[in-house]
Amino acid sequence: MKFKQPPLKIDCDGLSQKLIADLADRLSLHFEDVKAWGDEISAESPLDSHHYNDAWRILDKFGVQAV
């Protein structure tokens, strides 16, 4: 059974494009679908609950918020 959570929309305002790309790359290890454009990232379909929790820790390290 797949782990279901609503998609994360991550506001990356204040991060450089390089950091946004790095964040998206890291999140792609935990979600099936990650897209970055401008100052926003969307992450959908976490692999499981552990990956979902790891993603929140990554967001905290980057100092960004999910909406």
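What counts, and at which threshold
Residues numbered from 1 in each chain as written. Predicted model: local features only at pLDDT ≥ 70, side-chain atom pairs only at ≥ 80, totals over all residues. Heavy atoms only, no water. Phe/Tyr/Trp six-rings, centres within 6.5 Å; stacked < 30°, edge-to-face > 60°. Helix = DSSP H or I, 4+ residues; strand = E, 2+ residues; numbered from the N terminus. Buried < 20%, exposed > 50% of the residue type's maximum accessible area, 1.4 Å probe, protein only.

Peer 1: Explain the packing of aromatic side chains to me, and be specific about the residues and the numbers.
Peer 2: Two numbers describe a pair of aromatic rings. These are the distance of the centres and the angle of the planes. In this structure the tally under the stated criterion is 2 aromatic pairs. Relative to Y52, the ring of F31 has its centre 6.4 Å away and its plane inclined at 65°; by these criteria the two rings are edge-to-face. One end of the pair, F31, is in strand β2 (residues 31-37); the other, Y52, is in helix α2 (residues 49-62), with 21 residues separating them in the sequence. The class of Y52 is buried, set by a relative accessible area of 12%. Taking the centre distance of 6.2 Å and the plane angle of 75° together, the rings of Y52 and W56 count as edge-to-face. Here Y52 and its partner W56 are both found in helix α2, 4 residues apart, which amounts to about one turn of the helix. Pairwise contacts between aromatic rings join F31, Y52 and W56 into one cluster.

Keep in mind these values describe shape, not function.
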